[in-house]
Amino acid sequence: MSAVFPACGSAVHAEWTKLRTLASTWWLLLAAVALTIAVGAAVGAAFQCQRFACAPAQTGADPAKISLAGVYLGQVIVALLAVLAVGGEYATGMIRVTLTAMPRRLILLAAKAAVVLGWALAAGVAAVLGSVLAGRLILPGRGLSAANGYALLSLGSGPDLRAACGSVLYLALIALLAFGIATAVRDAAVAIGVVLGLLYLFPIVAAVIPDHVLARHLEQIAPMNAGLYIQATVGVKSLPLTPWQGLGVLAAWAFGALALGALVLRFRDA
């Protein structure tokens with residue numbers, strides 16, 4: 001046991017150095033933050049309520065969710081970063097060198113996951129803070145103002161804080177989901193395809209199924225649908241799951257993918 005902790009520290013340091021020294025890591029992080037903020041700001045700027053029909057009961061608008069709409073696309077960049085953290089090594093064959101230097105495979109996997117999680121959290125915090133600031137500046141001018149009965153978007157508000165912090169956790173869990181899948185399939189292109197399929201096909205299928213009960217169940221188990229319930233601050237009682245239950249569904253997907261990746265890494269040759 002005494003040898004485990006030094007090994008973990010060395011593995012984390014090595015994985016941190018590898019990702020930190022890749023130019024693509026910084027570009028992907030910048031892209032994730034910029035895209036999330038830009039899309040959220042664009043959605044906020046595009047919102048406009050009808051004159052004399054801007055009351056909350058009339059629009060049903062959710063300022064927090066509008067401001068954080070960029071997470072729908074920003075998650076793709078975060079997933080790509082996570083996939084490349086392991087898929088890139090399999091593509092180049094460098095994974096053999098890594099496993100030679102660190103033969104304890106589960107420790108290696110934990111170190112890689114910890115570093116990916118750290119990067120995803122950093123990107124998520126920057127992206128969400130920027131999105132909230134953009135929404136706070138833009139939305140009052142689009143009719144979602146105090147004069148029309150809306151509270152100014154603020155992290156001092158419990159629901160808004162939950163939506164913001166939950167969005168950061170959402171992006172972190174998406175990174176772990178993508179990382180686990182990439183470890184299991186060992187191919188970056190296939191992994192990103194599987195991740196995008198899980199995220200975006202569920203909502204499409206749920207939307208076209210005529211059986212409303214089945215569609216509701218699909219929404220409850222869909223990783224993106226369920227996970228993004230955490231952003232809702234309006235109409236929460238009408239959601240198929242509570243916000244934290246929805247995030248729990250995404251967490252189950254993420255840890256399931258990590259467990260699958262750990263099994264494949266442990267029992268298959270590189």
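Quick caveat: nothing in here was measured; it's all calculated off a predicted structure. (Residues numbered from 1 in each chain as written. Predicted model: local features only at pLDDT ≥ 70, side-chain atom pairs only at ≥ 80, totals over all residues. Heavy atoms only, no water.)

**Let's talk about a nonpolar patch on the surface**
Taken together, V125, L129, L155 and L161 make up a surface patch of nonpolar side chains, about 310 Å² in accessible area. Relative to the assigned elements, L129 resides in helix α7 (residues 105-138). (Patch = residues over 30% accessible without salt bridge, like charges linked within 9 Å, V, L, I, M, F, W, Y side chains within 5 Å. Areas by Shrake-Rupley, 256 points an atom, 1.4 Å probe, with all protein chains shown as cover. Salt bridge = Lys/Arg side-chain N within 4 Å of Asp/Glu carboxyl O. Helix = DSSP H or I, 4+ residues; strand = E, 2+ residues; numbered from the N terminus.)

**With respect to helix α2 (residues 23-46)**
Helix length check: α2, at 24 residues, gives a terminal C-alpha distance of 34 Å against a target of 34 Å (1.5 Å per residue), a fit within 8%. Residues of α2 that are buried: T25, L28, L29, A32, V33, T36, V39, G40, A41 and G44. (Expected span 1.5 Å × (residues − 1). Buried < 20%, exposed > 50% of the residue type's maximum accessible area, 1.4 Å probe, protein only.)

**Some thoughts on the side chain of T25**
Secondary-structure assignment places T25 in helix α2. The exposure class assigned to T25 is buried, which follows from its relative accessible area of 1%. In contact with T25, not counting residues within four places along its chain, are L19, L81 and W119. (Contact = heavy atoms within 4.5 Å.)

**Notes on the packing of aromatic side chains**
Under the defined criterion, the tally for this structure stands at two aromatic pairs. Both rings, one in W26 and one in W119, keep their centres 5.1 Å apart while their planes meet at 85°; by these two values the pair is edge-to-face. Here W119 lies in helix α7 and W26 lies in helix α2, a separation of 93 residues in the sequence. The class for W26 is partly exposed, based on a relative accessible area of 47%. (Phe/Tyr/Trp six-rings, centres within 6.5 Å; stacked < 30°, edge-to-face > 60°.)

**Description of the packing of α7 against helix α12 (residues 243-267)**
In the contact formed by α7 and α12, the axes pass within 9 Å of each other and the chain directions differ by 140°. Viewed along their axes, α7 and α12 form a crossing whose handedness is right-handed. When α7 is examined against α12, the residues R105, L106 and L109 are found in contact with a partner set consisting of L258, G261, A262, L265 and R266. Considered class by class, the residues forming the contact of α7 with α12 number five nonpolar, one polar and two charged. (Axes fitted to C-alpha atoms, helices over the stretch in contact; angles between N-to-C directions. Left-handed = near helix turned anticlockwise from the far one by under 90°. Nonpolar A, V, L, I, M, F, W, Y, C, P; charged D, E, K, R; others polar.)

**Some thoughts on helix α8 (residues 158-185)**
If you check α8, its first and last C-alpha atoms are 40 Å apart, about what 28 residues at 1.5 Å a residue would give, namely 40 Å. Extensive coverage of α8 is indicated by the burial of 22 of its 28 residues.

**Focus on the state of the cysteines**
Following the criterion strictly, the structure yields one disulfide and no others. Each sulfur of the disulfide joining C49 and C54 lies 1.7 Å from the other. The sign of the S-S torsion, about 85°, decides the handedness of the disulfide formed by C49 and C54: right-handed. Accessibility expressed as a relative area gives 10% for C49, which makes it buried. Looking at C54, the relative accessible area reads 11%, which means it is buried. (Disulfide = S-S within 2.5 Å.)

**Focus: the environment of C49**
Structurally, C49 is set in the loop between α2 and α3 (56-59). Beyond its immediate stretch of four places on either side in the chain, C49 contacts C54, T59, R142 and G143.

By themselves, these observations are geometric and do not establish any function.
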